[in-house]
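What follows is the residue order along each chain.
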Amino acid sequence: MSLLKIKDKQFKPYISSEKIQEAVKNVAAKINAELKDEFPIFLVVLNGAFMFASDLLKEINFPCEISFVKVASYHGATSSGSVTELIGLTEDVTNRTVVIVEDIVDTGLTLEKLINVLSKKNIKQYKVATAFFKPSSLKNNIKIHYTGIEIPNDFVVGYGLDYDGLGRNQKNVFVLA
Ligand code: 5GP
């Protein structure tokens, strides 16, 4: 693997596609064992999770539904400050097991907002599956049920993750050189 140049930045190889695929298979095996009787709905958080979702869901061996969502945060006119909206969820999730599929959990704040929105929808339970997790950056105590690979607090690109809109298509993961 060689260096990756994106705009003004150089990135060096960090996690190989082989290692990622092995981690994805491990996550899938856990989900297959634990959620097989749940008929869950997988909520893929765009844009970053598209590649992880594609690899993960090919390994899921029980019936499930898949929906693609975006989390939008904006400052509303309310005194409570920022408002979070879940865009793209058309399925009824009442009494469903919802598996949130994320690219990376860093501070966990995006996930917390998403969970707050979901918890108002009378779901049965939620589970979180993420390709990458930076435990040392986490700013809340949200439980991550299924983690592909834990990484230090470094900025990474590839495997769905971008720098300024680029790099998402790389099958390996790179870190700032
Ligand atoms: P959090 O709310 O957990 O801090 O951040 C979640 C989002 O920040 C991720 O879904 C991702 O879009 C972005 N993010 C966090 N860490 C990284 C990183 O190392 N690289 C890239 N490209 N995006 C990141």
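Preceding this paragraph is the structure being described.
The rules behind these values
Residues numbered from 1 in each chain as written. Predicted model: local features only at pLDDT ≥ 70, side-chain atom pairs only at ≥ 80, totals over all residues. Heavy atoms only, no water. Phe/Tyr/Trp six-rings, centres within 6.5 Å; stacked < 30°, edge-to-face > 60°. Helix = DSSP H or I, 4+ residues; strand = E, 2+ residues; numbered from the N terminus. Buried < 20%, exposed > 50% of the residue type's maximum accessible area, 1.4 Å probe, protein only. Near = heavy atom within 4 Å. Polar contact = N/O pair within 3.5 Å; in protein donor to acceptor, adjacent residues only side chain to side chain. Areas by Shrake-Rupley, 256 points an atom, 1.4 Å probe, with all protein chains shown as cover. Nonpolar A, V, L, I, M, F, W, Y, C, P; charged D, E, K, R; others polar. Core = buried A, V, L, I, M, F, W, Y, C linked by side-chain atoms within 4.5 Å. Contact = heavy atoms within 4.5 Å. Patch = residues over 30% accessible without salt bridge, like charges linked within 9 Å, V, L, I, M, F, W, Y side chains within 5 Å. Salt bridge = Lys/Arg side-chain N within 4 Å of Asp/Glu carboxyl O. Pairing = 2+ DSSP bridges. Axes fitted to C-alpha atoms, helices over the stretch in contact; angles between N-to-C directions.

A. Focus on the packing of aromatic side chains. Under the criterion given, the structure shown has 4 aromatic pairs. Relative to Tyr163, the ring of Phe11 has its centre 5.9 Å away and its plane inclined at 55°; by these criteria the two rings are tilted. Here the residue Phe11 occupies a position in strand S2 (residues 9-15), and Tyr163 occupies one in the loop between strand S9 (156-157) and strand S10 (173-176), the gap between them amounting to 152 residues. The same class applies to Phe11 and to Tyr163, which are both buried. Where Phe155 meets Tyr163, the ring centres are 6.4 Å apart and the plane angle is 80°; that geometry is what we call edge-to-face. On the basis of relative accessibility, which here comes to 17%, the residue Tyr163 falls in the buried class. Among the aromatic residues, ring-to-ring pairing joins Phe11, Phe155 and Tyr163 into one connected group.

B. Geometry of the site of the ligand. Within the structure, the ligand sits among 15 residues, and Thr107, Thr110, Lys134, Val156 and Asp162 are positioned closest to it. In this structure, Thr107 approaches the ligand through a side-chain N or O atom, which is 2.4 Å from an oxygen atom. For the ligand, whose free accessible area comes to 510 Å², the fraction covered by protein is 79%. Those elements that provide at least two residues to the shell around the ligand are strand S6 (97-105) and helix H3 (109-119). If you tally residues by element for the shell around the ligand, the top one is S6, at 4 residues. Its residues assigned to classes, the shell around the ligand comprises 6 nonpolar, 3 polar and 6 charged.

C. Quick peek at the nonpolar core. Counting residues in hydrophobic clusters, the biggest one holds 32 residues, and the most contacted among them are Ile20, Ile31, Phe52, Leu56, Val101, Phe132 and Tyr159. Of all the elements in the fold, those that place two or more residues in this core are helix H1 (17-34), strand S3 (41-45), helix H2 (50-58), S6, strand S7 (125-133), strand S8 (146-150) and S10. Among the nonpolar cores identified, the runner-up in size contains 20 residues, and Leu86, Ile100, Phe133 and Ile142 belong to it.

D. Summary view of the side chain of Asn172. With respect to the helices and strands, Asn172 occurs in the loop between S9 and S10. Reaching out from Asn172, the side chain makes a polar contact with the backbone nitrogen of Ser17 at a distance of 2.7 Å. Setting aside chain neighbours within four positions, we find Asn172 in contact with Met1, Ile15, Ser16, Ser17, Ile20, Val157, Gly158 and Tyr159.

E. Expanded view of a nonpolar patch on the surface. There is a patch of nonpolar side chains on the surface, built from Leu46, Phe50, Ile66 and Phe68 and spanning about 330 Å² of accessible area. Its place among the elements puts Phe50 in helix H2.

F. Structural view of the environment of Arg96. Tracing the chain through its elements places Arg96 in the loop between strand S5 (82-87) and S6. Exposure remark for Arg96: the relative accessible area of 14% places this residue in the buried category. A distance of 2.9 Å separates the side chain of Arg96 from the backbone oxygen of Phe39, its partner in a polar contact.

G. Spotlight on the sheet that holds S7. Strand order in the open sheet formed by 6 strands is S5-S4-S3-S6-S7-S8, and the pairing between neighbours is mixed. Looking along the sheet, the strands with just one partner apiece sit at the ends: S5 and S8. Ignoring strand direction, the axes of neighbouring strands in this sheet form an average angle of 25°. Sheet topology places S3 next to S6; 4 bridges connect them, and they run parallel. Residue pairing across strands places Phe42 opposite Val99, the latter belonging to S6. Its contacts with the sheet place H1 against S3, S7 and S8, and it is angled at close to 160° to S8. Against the sheet, H3 makes contact with S3, strand S4 (65-75), S5, S6 and S7, and its axis sits at roughly 165° relative to S6, the strand it touches most.

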